[in-house]
Amino acid sequence: MSSENENKTKIYKDADQVEAYFKKNVGLGTSFDLGVRKFVILKTDIQMYYVNGLCETSFITDILSQLVTINDKETNKAKVFEIIENRLVNQSVSRVETLDEMVDQVLSGLIAVIVDGTPIALVVDVRSYPGRSPEEPDTEKVVRGSRDGYVENIILNTALTRRRIRDENLRFEMLKVGERSKTDISIGYIKDIADPDLIDVIRKELEAIDMDGLPMADKTIEEFIVKQGYNPYPLVRYTERPDVAAAHLLEGHVIIIVDTSPSVIITPTTIFHHMQHAEEYRQSPAVGTMVRWVRFLGIIASLFLLPIWFLFVVEPSLLPEKLAFIGPSEHTNIPIIVQLFIAEIGIEFLRMAAIHTPTPLSTAMGLIAAVLIGQIAIDVGLFVPEVILYVSVATIGTFVTPSLELGVANKIARLVILLLVAIFHLPGLVGGMTLFLIMLASIKSLNTPYLWPFIPFRPKALSHILIRRTLPGSRIRPSVVHPQNKYRQTK
């Protein structure tokens, strides 16, 4: 037995003492959902502890029906513990010797069977967590492809992944994090592909988390692992699609699955991972490449279109004669920069309102915003039409970004560059774009350069990002994850 278990309270031989411990420390008799079923087998008191709502009632009933028949078929009272252990009809039965571990297992949805006179609990996995069935994620829809998605149940999520990778080297290590929540967290990787050093770093970071609970689940885990601080740019990738997670596992990435969260964390990632979408790989290489370029164009527009247009507004002399039509044709009492910021804030109002508005009302809200507010704002002179046009195009570029976190971070960067252009004009645009590039180049996610393979420059890897290769052309795994086996195909 480990020294850690030696410091914990052993299970009492007297079953009544175990019951008293549960009443005093766990809330038995106070919490309505925590219960104990008492019965007698071979003149020995037996107790079964459970939590309603986390256990499958039919499983417990089957186990009880098997146990109570022992009185009709057995007579050896001295071996009652061994007899009960053999009659527990379940694929997952284990022994527990400390009260702390027993309580943790019961509160996780397992049942614990106590035999009077034996300082050991038999723990049986009969969990049936409440939740929804796998369905296509709203944020990662594809025209063709699988329609299943991760859910809030960690067991289902690992099963959805194993269904796609039936490899004996696929590992799912289980940890518990949170002094009070004891949240289940699984580290997933392929043993002979993933970098062992990366796995060790993630494991140590998770084990070092010391807090009472994880109310925000995966987001809290992210902040502990990558120590993001106030950097708005995402350092890990989230996905709700098992096929996306499986593809990254085969490349050598490590995934983190947190119970109660339908999103899986993929590490390590670069900025280009946040620009990928499953739809590119569900189409032919030519179509996938076109979709990728259009997406890149939208992301670039979401960043730089507004600052460049505003620069031409404040410095019309920079425009070629053939592009002299760019810029507002009407004069207004409100400065253009103020209009831009008001429009940006208004878009954020609409985005947040759409999140909190019930679905049947969201369409009506969108019509009110577009037809009434937008048109009336132009008619009364609050906005010039060009402001609405360019803000809308930039916003569409934000929505084109597959990663919500990257889209919001780009919006913050856009507003900062806009402010620099308003203050310094052309030097502000050049300086803002330069500082933006330097900031991205300085970011590292788990020792992975954020702009790889652009900085440091890897032309072959960059070509794979710009052009959606055919499957035979993708036989080499990305070197940025330091895979143990870099070849996906030997021929």
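What this report covers is the structure whose coordinates are included nearby. (Residues numbered from 1 in each chain as written. Predicted model: local features only at pLDDT ≥ 70, side-chain atom pairs only at ≥ 80, totals over all residues. Heavy atoms only, no water.)

1. Description of the overall build of the protein
Okay, so step 1: A count of helices and strands for the protein gives 17 helices and 12 strands.
Okay, so step 2: For 491 residues, the compact-globule estimate of 2.2 N^0.38 gives 23 Å, and the C-alpha radius of gyration of the protein, at 29 Å, exceeds that figure by more than 25%.
Okay, so step 3: The C-alpha extent of the protein, read off along each of the three principal axes, is 105 × 60 × 40 Å.
Okay, so step 4: The proportion of buried residues among the 491 residues of the protein is 45%.
Okay, so step 5: In the protein, once contacts between residues fewer than 6 apart in sequence are set aside, the share between residues at least 24 apart is 65%. (Helix = DSSP H or I, 4+ residues; strand = E, 2+ residues; numbered from the N terminus. Rg over C-alpha atoms; globule rule 2.2 N^0.38 Å. Buried < 20%, exposed > 50% of the residue type's maximum accessible area, 1.4 Å probe, protein only. Contact = heavy atoms within 4.5 Å.)

2. Describing the pattern of salt bridges
Okay, so step 1: In this structure the tally under the stated criterion is 23 salt bridges.
Okay, so step 2: Salt-bridge contacts for Glu19 lead to Lys23; the nearest nitrogen and oxygen are separated by 3.6 Å. Taken as a pair, Glu19 and Lys23 lie in helix α2 (residues 15–26) at a separation of four residues, close to a single helical turn.
Okay, so step 3: Between Arg292 and Glu280 there is a salt bridge, with its nearest N and O atoms 2.9 Å apart. Here Glu280 lies in the loop between β10 (264–267) and α11 (285–314) and Arg292 lies in helix α11, a separation of 12 residues in the sequence. As far as the burial class goes, Arg292 and Glu280 line up, both buried.
Okay, so step 4: Because the salt bridges share partners, they merge into one network encompassing Glu344, Glu348, Arg351, Lys411 and Arg414. (Salt bridge = Lys/Arg side-chain N within 4 Å of Asp/Glu carboxyl O.)

3. Comments concerning the nonpolar core
Okay, so step 1: If you look at the biggest cluster of nonpolar residues, it comprises 63 residues, and the most contacted ones within it are Ile202, Leu206, Ile221, Tyr233, Trp309, Leu340 and Val387.
Okay, so step 2: Phe39, Leu42, Ile70 and Val80 belong to the second largest nonpolar core, which has 23 residues in total. (Core = buried A, V, L, I, M, F, W, Y, C linked by side-chain atoms within 4.5 Å.)

4. Side note on the side chain of Asp195
Okay, so step 1: Take Asp195: it is sitting in the loop between β7 (183–190) and α8 (196–207).
Okay, so step 2: Despite its burial, Asp195 remains without a salt bridge, the nearest opposite charge being carried by Arg203 at 11 Å.
Okay, so step 3: Within the structure, the side chain of Asp195 is placed 3.2 Å from the backbone nitrogen of Asp197, a separation counted as a polar contact.
Okay, so step 4: With residues up to four places along the chain from it excluded, the contact list for Asp195 reads Gly252, Val481 and His482. (Lys, Arg positive; Asp, Glu negative; His and termini not counted. Polar contact = N/O pair within 3.5 Å; in protein donor to acceptor, adjacent residues only side chain to side chain.)

5. Regarding the sheet that holds strand β6 (residues 170–177)
Okay, so step 1: Spatially, the five strands line up as an open sheet ordered β6-β7-β9-β10-β8, and their pairing is antiparallel. With partners counted over all chains shown, the strands left at the sheet margins are β6 and β8 (237–239), one partner each. Each adjacent strand pair in this sheet contributes to an overall mean axis angle of 25°, direction not counted.
Okay, so step 2: Summarising the sheet, strand β9 (residues 254–258) and β10 pair through four bridges and their orientation is antiparallel. Counterpart to Val254 in the pairing with β10 is Thr267.
Okay, so step 3: The strands that helix α7 (residues 154–162) touches are β6, β7 and β9; relative to β6, the one it contacts most, it runs at about 165°. (Pairing = 2+ DSSP bridges. Axes fitted to C-alpha atoms, helices over the stretch in contact; angles between N-to-C directions.)

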